[in-house]
Every structure is written in C-alpha cells, then in structure tokens.
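Listed below are the residues making up each chain.
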Amino acid sequence: MKNKKLLYAASLACMLLMACSGKPVVESERNLKNVLGNHFLVGVAINHLQLQGQDSAALDIVKTHFNSIVPENCMKCMIIHPEENVYDFELSDRFVAFGEENGMFVVGHCLIWHSQLASWFCTDENGADVSPEVLKQRMKDHITTIVKRYKGRVHGWDVVNEAILEDGSYRNSKFYQILGEEFVPLAFQYAYEADPEAELYYNDYNMHFEGKRRAVIKLVEDLKARGIRIDAVGMQGHVGMEYPQISDFEASIEAFSKLNVKVMITEFDMSALPMVRYSANVTDTVSFEQSMNPYPNELPSRELEAWNKRMMEFMNLFVKHSRHISRVTFWGVTDGDSWKNDFPMRGRTDYPLLFDRNYEPKQFVKELLGE
Ligand code: XIL
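Everything numeric in this text was worked out from a predicted model, so none of it was measured.

**Digging into the overall build of the protein**
- When you go through the protein residue by residue, the secondary structure sums to 13 helices and nine strands.
- Taking 2.2 N^0.38 as the reference for a compact globule, 371 residues should give roughly 21 Å; the C-alpha atoms of the protein span a radius of gyration of 20 Å, in line with that estimate.
- Projected onto the principal axes, the alpha-carbon positions of the protein cover approximately 60 × 50 × 40 Å.
- Expressed as a percentage of the 371 residues in the protein, the buried residues total 54%.
- Long-range contacts, defined here as pairs at least 24 residues apart, represent 78% of the contacts in the protein between residues at least 6 apart.

**Observations regarding the pattern of salt bridges**
- Evaluated as defined, the whole model comprises 16 salt bridges.
- Between Arg 153 and Glu 100 there is a salt bridge whose closest N-O contact spans 2.9 Å. With Arg 153 in the loop between helix H7 (132-149) and strand E4 (156-161) and Glu 100 in helix H6 (residues 90-101), this residue pair connects regions lying 53 residues apart in the sequence.
- Residue class for Arg 153 comes out partly exposed when judged on its relative accessible area of 27%.
- Close ionic contact of Arg 229 with Asp 231 constitutes a salt bridge, the shortest N to O distance being 2.7 Å.
- Judged by its relative accessible area of 17%, Asp 231 falls in the buried class.

**Brief notes about the site of the ligand**
- Residues in close proximity to the ligand total 15 residues, the closest being Glu 72, Lys 76, His 109, Asn 161 and Glu 267.
- Contact distances for the ligand include 2.5 Å between an oxygen atom and a side-chain N or O atom of Glu 72.
- Trp 331 is positioned with one of its side-chain polar atoms (N or O) 2.9 Å from an oxygen atom of the ligand.
- Look at the ligand: alone it shows 410 Å² of surface, and the protein chains cover 85% of it.
- A class-by-class count of the residues in the shell around the ligand yields five nonpolar, six polar and four charged.

**Regarding empty space enclosed by the protein**
- Counting across every chain of the model gives six cavities of 30 Å³ or more.
- Around the largest cavity sit 13 residues that line it, and Asn 206, Met 207, His 208, Gly 237 and Phe 249 are the ones nearest its centre.
- Residue composition of the lining of the largest cavity, by class: seven nonpolar, five polar and one charged.

**Brief notes about the environment of Ile 79**
- Inspection of the secondary structure puts Ile 79 in helix H5 (residues 77-80).
- Taking the C-alpha atoms as reference, Ile 79 lies 24 Å from Asp 335; in sequence the two are 256 residues apart.
- Leaving out residues up to four positions away in the same chain, Ile 79 has contacts with His 48, Asn 73, Cys 74 and Asp 88.

**What about the confidence of the model for the protein?**
- Of all residues in the protein, 92% attain a pLDDT of 70 or more, and the chain-wide mean is 93.
- Between residues 1-27, whose pLDDT stays under 50, and residues either more than four places distant or in other chains, the model counts 33 contacts.

**Notes on the packing of H7 against helix H9 (residues 183-194)**
- It is at 9 Å that the axes of H7 and H9 come closest, and there the two elements cross at 35°. Taken as a pair, H7 and H9 cross one another with a handedness that is right-handed. In this structure, H7 contributes Lys 136, Met 139, Lys 140, Ile 143, Thr 144, Val 147 and Lys 148 to the contact, and H9 contributes Phe 183, Leu 186, Ala 187, Tyr 190, Ala 191, Glu 193 and Ala 194.
- Each residue belonging to the contact of H7 with H9 can be placed in one class, and the counts come to nine nonpolar, one polar and four charged.

Rules used throughout
Residues numbered from 1 in each chain as written. Predicted model: local features only at pLDDT ≥ 70, side-chain atom pairs only at ≥ 80, totals over all residues. Heavy atoms only, no water. Helix = DSSP H or I, 4+ residues; strand = E, 2+ residues; numbered from the N terminus. Rg over C-alpha atoms; globule rule 2.2 N^0.38 Å. Buried < 20%, exposed > 50% of the residue type's maximum accessible area, 1.4 Å probe, protein only. Contact = heavy atoms within 4.5 Å. Salt bridge = Lys/Arg side-chain N within 4 Å of Asp/Glu carboxyl O. Near = heavy atom within 4 Å. Polar contact = N/O pair within 3.5 Å; in protein donor to acceptor, adjacent residues only side chain to side chain. Areas by Shrake-Rupley, 256 points an atom, 1.4 Å probe, with all protein chains shown as cover. Nonpolar A, V, L, I, M, F, W, Y, C, P; charged D, E, K, R; others polar. 1 Å grid on protein atoms, 1.4 Å probe; cavity = no way out; pocket = protein on both sides within 12 Å on 5 of 7 lines; lining within 4 Å. Points joined across faces, edges and corners; volume = space filled by probe spheres on them. pLDDT = per-residue confidence, 0-100. Axes fitted to C-alpha atoms, helices over the stretch in contact; angles between N-to-C directions. Left-handed = near helix turned anticlockwise from the far one by under 90°.

Here is the structure:
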C-alpha cells in the first residue's frame, strides 16, 4: 500500500512539475522515464526488426518511454562473431548509434554465455575441445574487440550470463569444462582492460533460488576480494503468474544489495500463460500442446486484470528497493515481439510485456502514468 502510494506520488509530482513549468502537459511528457526516472533507469530490449527500420511504431514507444536499451540478440556471439576471423557489427553499430542519438544508457548483452555461442568458439578444426590457453585467448580477443569498438559508447556490459545453476553449482558449459570457475574472473578482467570506464555485470535468471543466490553472492565476493571490477548483479526476471513468490525475489534483491554492487532487473517479462518450464535457459524447450495455449486470440479480462495487478506488485517492489536498483529493463516492447511466444513452447500466444500487439499500453502502464 505504502509503495503504491509512492508510485502515485511520483507520477503526481511529475505532472505537477510539468504543470508548474508553464508548459502544457502534452501526451509525450507523460512517459515511463519521467514517472520512474527518479527511481531507476527504465530500459527495453531492442530487436532485429526495430534495428532494420521495419517497426517504427515500436521505436516511437522506445523513444517516448525508455532511457536505456539493450540488444535482444545482435551482440550475441553467434551473430556478432560467427567465425573466428569474422565479426558482423552491422546491427550492433545501428543499436549503439540509436542509443547515442537518443541520449540513452546503452547496455551490451552479452560477452560470455553458453547459449547462442558460435560453434567454432570452444572447438578446434577436428571438433575437439580447445586447450585452456586457446580458449582464454579466444575469450580475450572476442571481449577486447567488441568492448573496445564501443568504448565510451556502451555504458555497461553483461560480461558473464547464466554461469550458475539453481542449486548453486556451476553450469557444465564448455567454458566451465575447459577453464573451470576461472572463466568468470578472466572474462571480467578482459572486459575491464578493454574499457576501464564501463560498468560490468553478472547476469542470470531464477535468481530467487536460494542456492543460486548464495553462489552469486560468493562469485561477487570472490571477484571483489581479488580486486576485479564488478558493478552490478543483473536479475533477469522472466517471471510468470504463479512463479516466483515475490518474497523470494525480494530476498535476493536484499541479499545482493548488501554486496556493495548495484542490482539491476535486466530482462523483465511476465508470462500470462500456464507455466511449462521453470527456467529461462533458451534450449530447455518442450513441444507444442494446444491445452497450454489457452488464449490464442486475446487474454480474457480476468486474467488480464490479474496480470496488471501482479505487474504493479513487482513494480512496487522495485520502487521499494530503488536505493539499490539502478535499472529496470523490459525484455521487448510489445507482446508480439516477445520471445515468450516461442519459449519454452513454440507457437503460443503470450502477453508478457508493457504494450499490447496494437502498441497500446496495458492498464498497469496507464496507472503508472496517472491515466
Ligand atoms: C532470448 C531472445 O529473446 C530470443 O529472441 C532468442 O531466440 C533467445 O534468447 N536470457 C537471456 C536472453 O540472457 O539473451 C535470452 O534472450 C532470454 C533468456
């Protein structure tokens, strides 16, 4: 209740400010970055279509409401560095330029990740694993080339993504198999050397699990003890209607807040569909089942209302902890863009984002804007 009041107070203050400034309160001034901007950056993921100029309506929304961007896919290894001696910066250059033109806080995603990793990266010409020395050199080249290219223009990097499992053990990725836990500090060190000014983040999903929470705390403490730079823990936040409990999510925000790093909500979306996998690991897919796609045409009003209510509860949680949360980023602009339509089950119709398929704000957004 207190938090809800806080949000209303923020939007009211913002409208009053505009009214007192003598300028007419025009539609474009009532936007998310105005309403929430004194709490944290308000970010959004940008996709290929938007970067290729094929979705100007979404870009208008981005410019109006958001002050931070992250690329949904175009900086991932298989796209930006498809072969050892081939980099493709076409879309990432456009992405960074768009952020600059619009004065946004630009986040790079992501440097070292087991998914969407180019197939050459960890193997030699015979398909065998490369040696630790070769992998270190490849990581260094990859990170240095990309981070240096955008030095001073990309303000923060997801350096390592999804290295830890829910029980707190390390994911058995190729990076882990070849280098052990050391691949994490190495990646942070290479990124720091390439741009000492950029913020560096560890990013993961299911951060509310106790085991994962404990392991991430240890990872941050170990980096700090070794004098290696880490600025924030990114909590992805691919959540659903039943999952997780907000109190568990809050426990992790609180635990990470005590580490003397920022906390960022980096990939927020809330599926409105029945949960089929409690994971955001992109290869954990299941085959399509009609019964798991209950709302192919529209979300019924009762479910929509529940979705809006829970989104507001999460937003209030973020505002409550905004002393430590420096950014809240949503994983896409409209429901039609969302990866959740195809994950973990391909071909469903989901409703996880702030704007609907007609580019209209959801009720929860309107409430934030004081409408
Ligand atoms: C997803 C993208 O949204 C999809 O378009 C792509 O097919 C798979 O990856 N965690 C992450 C993100 O860190 O990069 C993932 O993005 C979602 C889970």
